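One-letter residues, chain by chain:
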Amino acid sequence: MTSSQDRRTRRYRPATEAVHGGTLRSQYAETSEAMFLTQGFVYPDGEAAEARFKGEDPGFVYSRYANPTVAMLEERMCLLEGAEASRAMASGMAAVTASLLCDLKAGDHIVSSRALFGSCQYVIAEFLPRLGIASTLVDGTDLDAWKAAVRPETRAFFLESPSNPTLELIDIAAVAEIARAASARLVVDNVFSTPVFQHPLQLGAHTVVYSATKHIDGQGRCLGGIVLSDEAWVEEKLAPYLKHTGPSLSPFNAWVFLKALETLELRVRRQAETAAGLAEAIAGHPAVERLYYPGHRSHPQYALARRQMTSGGTMISFDVKGGKQGAFDFARALEVVKISNNLGDAKSLVTHPATTTHQRLKEDERARLGIGEGLVRLSVGLEDPEDLAEDLLQALDRSALPKIRALAG
Ligand SMILES: Cc1ncc(COP(=O)(O)O)c(C=O)c1O
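The following paragraphs examine the structure supplied in this document.

## Things to note about the overall build of the protein chain
In terms of helices and strands, the protein chain carries 15 helices and 14 strands. Against the globule reference of 22 Å for 409 residues, the protein chain gives a C-alpha radius of gyration of 22 Å, in line with a compact fold. A fraction of 72% describes how many contacts in the protein chain between residues 6 or more apart in sequence connect residues 24 or more apart. Summed over its atoms, the accessible surface of the protein chain is roughly 17500 Å², and 53% of this surface lies on carbon and sulfur atoms. Charge-centre separation for the protein chain: the mean point of 44 positive side chains lies 2 Å from the mean point of 50 negative side chains.

## Describing the pattern of salt bridges
Summed over all chains, the structure comprises 22 salt bridges. Among the ionic pairs, Asp108 bridges to Lys105, the shortest N-O distance being 3.2 Å. On the basis of relative accessibility, which here comes to 4%, the residue Asp108 falls in the buried class. Overlapping salt bridges bring together Glu33, Arg76, Lys259 and Glu262 as one network.

## Regarding the sheet that holds strand E4 (residues 109-113)
Across a sheet, paired strands are connected by hydrogen bonds in the backbone, their directions being either parallel or antiparallel. Spatially, E3-E9-E8-E7-E6-E4-E5 is the arrangement adopted by the seven strands of the open sheet, whose pairing is mixed. Each edge of the sheet is formed by a strand with only one pairing partner; in this case those strands are strand E3 (85-89) and strand E5 (134-138). Each adjacent strand pair in this sheet contributes to an overall mean axis angle of 20°, direction not counted. The sheet contact formed by E4 and strand E6 (residues 154-160) spans four bridges and is parallel. Note on E6: the bridge partner recorded for His109 is Thr154. Together, E3, strand E7 (185-189), strand E8 (207-211) and strand E9 (225-229) form the strand contacts of helix H9 (residues 231-245), whose direction differs from that of E3 by roughly 20°.

## A look at the pairing of E6
A large share of E6 lies buried, amounting to six of its seven residues. For E6 and E7, the ladder comprises five bridges, and the chain directions are parallel. When the sheet's bridge partners are listed, Leu159 is paired in E7 with Val188.

## With respect to the site of the ligand
Taken together, 14 residues lie near the ligand, and Gly92, Met93, Asp189, Ser211 and Thr213 sit nearest. Within the side chain of Asn164, one N or O atom sits 3.1 Å away from an oxygen atom of the ligand. In the model, an oxygen atom of the ligand is placed 2.7 Å from a nitrogen or oxygen of the Ser211 side chain. Burial of the ligand by the protein chains amounts to 91% of its free accessible area of 390 Å². Split by residue class, the shell around the ligand holds five nonpolar, six polar and three charged.

## Observations concerning the packing of aromatic side chains
In the structure shown here, the tally under the stated rule is four aromatic pairs. Here Phe318 and Phe330 contribute two aromatic rings whose centre-to-centre distance is 5.5 Å and whose plane-to-plane angle is 75°, an arrangement assigned as edge-to-face. Taken together, the residues Phe318 in strand E11 (residues 315-320) and Phe330 in helix H13 (residues 323-333) connect sequence positions 12 residues apart. The same class applies to Phe318 and to Phe330, which are both buried. Of note, Lys243 hangs over the ring of Tyr65, and the distance from its end group to the ring centre comes to 4.7 Å.

## Quick look at the packing of helix H4 (residues 92-101) against helix H5 (residues 118-130)
Interaxial distance between H4 and H5 falls to 10 Å at its minimum, and their mutual angle equals 35°. Seen from above, H4 lies across H5 with right-handed handedness. Residues Met93, Val96, Thr97, Leu100 and Leu101 of H4 touch H5, and the partners they reach there are Ser119, Cys120, Val123, Ile124, Phe127 and Leu128. For the contact of H4 with H5, the residue count by class is nine nonpolar, two polar and no charged.

## Quick word on the packing of H4 against H9
One way to put it is that H4 packs onto H9 with a least axis distance of 9 Å and a crossing angle of 120°. On the basis of their axis angle, the class for H4 and H9 is oblique. Regarding H4 and H9, the two cross each other, and that crossing is right-handed. For the pair H4 and H9, the contacting residues are Thr97, Ala98, Ser99 and Leu101 in the first and Trp233, Leu238 and Tyr241 in the second. Its residues placed into classes, the contact of H4 with H9 shows five nonpolar, two polar and no charged.

## Remarks on the environment of Phe192
You can see Phe192 is positioned in the loop between E7 and helix H8 (194-197). Taking relative accessible area as the criterion, Phe192 reaches 5% and is therefore assigned buried. Expressed as a C-alpha distance, the spacing of Phe192 and Ala287, which sit 95 residues apart in the sequence, is 26 Å. Filtering out sequence-adjacent residues up to four positions away, Phe192 remains in contact with Pro162, Ser163, Asn164, Leu167, His215, Met315, Leu343 and Arg377.

## Overview of helix H10 (residues 251-261)
Structurally, the α-helix is built with 3.6 residues per turn, so residues lying three or four positions apart point the same way. Counting buried residues in H10 gives eight out of 11 residues, a clear majority hidden from the surface. Buried within H10 are the following residues: Pro251, Asn253, Ala254, Val256, Phe257, Leu258, Ala260 and Leu261. Near the N-terminus of H10, the side chain that reaches the backbone nitrogen of Phe252, with its oxygen 3.0 Å away, is that of Ser250.

Rules used throughout
Residues numbered from 1 in each chain as written. Predicted model: local features only at pLDDT ≥ 70, side-chain atom pairs only at ≥ 80, totals over all residues. Heavy atoms only, no water. Helix = DSSP H or I, 4+ residues; strand = E, 2+ residues; numbered from the N terminus. Rg over C-alpha atoms; globule rule 2.2 N^0.38 Å. Contact = heavy atoms within 4.5 Å. Areas by Shrake-Rupley, 256 points an atom, 1.4 Å probe, with all protein chains shown as cover. Lys, Arg positive; Asp, Glu negative; His and termini not counted. Charge placed at Lys NZ, Arg CZ, Asp CG, Glu CD. Salt bridge = Lys/Arg side-chain N within 4 Å of Asp/Glu carboxyl O. Buried < 20%, exposed > 50% of the residue type's maximum accessible area, 1.4 Å probe, protein only. Pairing = 2+ DSSP bridges. Axes fitted to C-alpha atoms, helices over the stretch in contact; angles between N-to-C directions. Near = heavy atom within 4 Å. Polar contact = N/O pair within 3.5 Å; in protein donor to acceptor, adjacent residues only side chain to side chain. Nonpolar A, V, L, I, M, F, W, Y, C, P; charged D, E, K, R; others polar. Phe/Tyr/Trp six-rings, centres within 6.5 Å; stacked < 30°, edge-to-face > 60°. Lys NZ or Arg CZ within 6 Å of the ring centre and 35° of its normal. Left-handed = near helix turned anticlockwise from the far one by under 90°. Parallel < 35°, antiparallel > 145°, perpendicular 65-115°, else oblique.

Listed below in structure tokens is the structure:
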């Protein structure tokens, strides 16, 4: 097999690399990427096996360590992200956990923004401390809070921007600077921005993680994740962790993601354009108490969004009047948009974070994060934008009706 290009050298623009980057063609010269659904690899003799295990022959050994289809995905993602190296994992959470556990040890300390996806919050605030790795959660928008949280043993910073589900932004370049001064590694979960709209490595982050389950698949099929960083760190820290603890990605899932990357840019640009239009359409609706969309001028960090992202993204959140009942009435009235906790899908999906993705948090912690009972998170899909606008507006009208009637009566 030969690589279609030198590894990690981006020769073309991202949309081209998303189609061709990293392709390894077999002796059959297939057009579409091959799926190597194999656990292992055979050797012509004992000497060849010995050389492979010693690393003297660079071929594949076992799919827990590396696999040709998974390697194509890793290479294509490096080219899109501008990273030197990466490793794909079985889920986004496997990637988040690997990005931290492969490097941190008992006695170390991590600082993280407080506005996190529920499972990221669990890993940082509960799981790592159990292993003797202390963590401090800060208001990620407050740069002084990051500085104040640094200790001599701080080894990592972690953040999501935009955050799940309130779409709060963090100034990645500024936090990267603070991390560098503290000799800590900044890990950015870039799920909500996608590799198309934000480039944390260019902003100074050391590591980027994705749940490939979201926009990278984009059609609700497979779980997966990926960690991207510099080659030395990936080879010394991440690769041995993956090889020996085994959160490896299935070659089948890697193949699905590879094919999905071919349409990533097209999909997320269209989804983000629709999202911007929908945010505008619902902003003034009487049933909407507050809108959160980084691409809308009402967002408190609109200027940062314009500086740091090339689009407002595909996600919108808003508080529906009437608390939990108002949000549930709204969700029930939707016809095109489905109720589901996933995101980044071709299908538009709505979630009520307080009772699903963030139900594990205590009520006061949710309140502190702005996750109210009326908050809904909308992942904008690929349906006709007019159908989506009509669906949202009719559902908002219906959720507002009982209150309007009560006021009238
Ligand atoms: C910001 C963020 N990070 C990580 C994950 C975890 O991804 P996965 O479900 O693939 O494990 C999610 C999933 O919802 C997420 O929203």
